[in-house]
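What follows is the residue order along each chain.
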Amino acid sequence: MIIDIPASAELPLLRAVERAAGEAFRALGMASVADDEPPPLAQLAQCRRAGRVLAAYDGGLPVGYLLWEPVDGATHIEQVSVHPDHARRGIGRRLIDRAERDGGPFALTLTTFTEVPWNAPYYERIGFRRLADAELTPGLRAIRAQEAALGLDRWPRVCMRRAAGRPVREPGAR
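Residues numbered from 1 in each chain as written. Predicted model: local features only at pLDDT ≥ 70, side-chain atom pairs only at ≥ 80, totals over all residues. Heavy atoms only, no water.

Draft legend 1. Here's a closer look at the overall build of the chain. Each helix and strand counted, the chain has six helices and seven strands in total. For the chain, the N- to C-terminal ordering of α and β elements is β-α-α-α-β-β-β-α-β-α-β-α-β. On C-alpha atoms alone, the chain measures out to a radius of gyration of 15 Å, which is about the 16 Å that the 2.2 N^0.38 rule sets for 174 residues. Across its three principal axes, the chain shows a C-alpha extent of roughly 45 × 40 × 35 Å. A burial count over the chain gives 45% of its 174 residues as buried. The contacts in the chain between residues at least 6 apart in sequence include a share of 68% that link residues at least 24 apart. Total accessible area computed for the chain in this model is approximately 9100 Å², and 53% of it derives from carbon and sulfur atoms. Here the chain carries 24 positive and 22 negative side-chain charges, and the mean point of each set is 4 Å from the other. (Helix = DSSP H or I, 4+ residues; strand = E, 2+ residues; numbered from the N terminus. Rg over C-alpha atoms; globule rule 2.2 N^0.38 Å. Buried < 20%, exposed > 50% of the residue type's maximum accessible area, 1.4 Å probe, protein only. Contact = heavy atoms within 4.5 Å. Areas by Shrake-Rupley, 256 points an atom, 1.4 Å probe, with all protein chains shown as cover. Lys, Arg positive; Asp, Glu negative; His and termini not counted. Charge placed at Lys NZ, Arg CZ, Asp CG, Glu CD.)

See below:
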């Protein structure tokens, strides 16, 4: 598995990965999440120029991707998507670990759905913890307000954080 900043020509493929990954939400009664448009190419290109988009490659094509941005002294994971044909292989975790490395010696943060098995429960398994409202930074509060304005609060959501440099064990490792 290769993880790298994608080429400009590959950015449309990242949108296709996100659309495919989003389909799993439909089975949970979250059709509006499944139907949500991926980031526009201009936004992906901006993230690419800033070095804040990563793609996971299998066979030379992107099968997953991650967007991150600095928020209040943390590396905030904005989006992680893995094509369903490549799910459950540790690709999301590898992308997150690489974002931690690329983002610098800072904690990781993200926002996610609490009751979606591949969201909050998954992130807890790889070292994230749920943040209480009192722990939210101004930037995380602003992100949550934007998510609420987009209607994502129809389902329970949470902010999460993983300490910088936290060693993550490979699944099945002793």
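Draft legend 2. Summary view of the pairing of strand β2 (residues 53–58). Buried residues dominate β2, accounting for five of its six residues. Bridge analysis of β2 against strand β3 (residues 61–71) gives six bridges, and the strand direction is antiparallel. When the bridges of β3 are listed, Y57 appears paired with P62. Counting the residues between successive antiparallel strands, the hairpin from β2 to β3 contains two residues, one of them, G59, with a positive phi of roughly 70°. (Pairing = 2+ DSSP bridges.)

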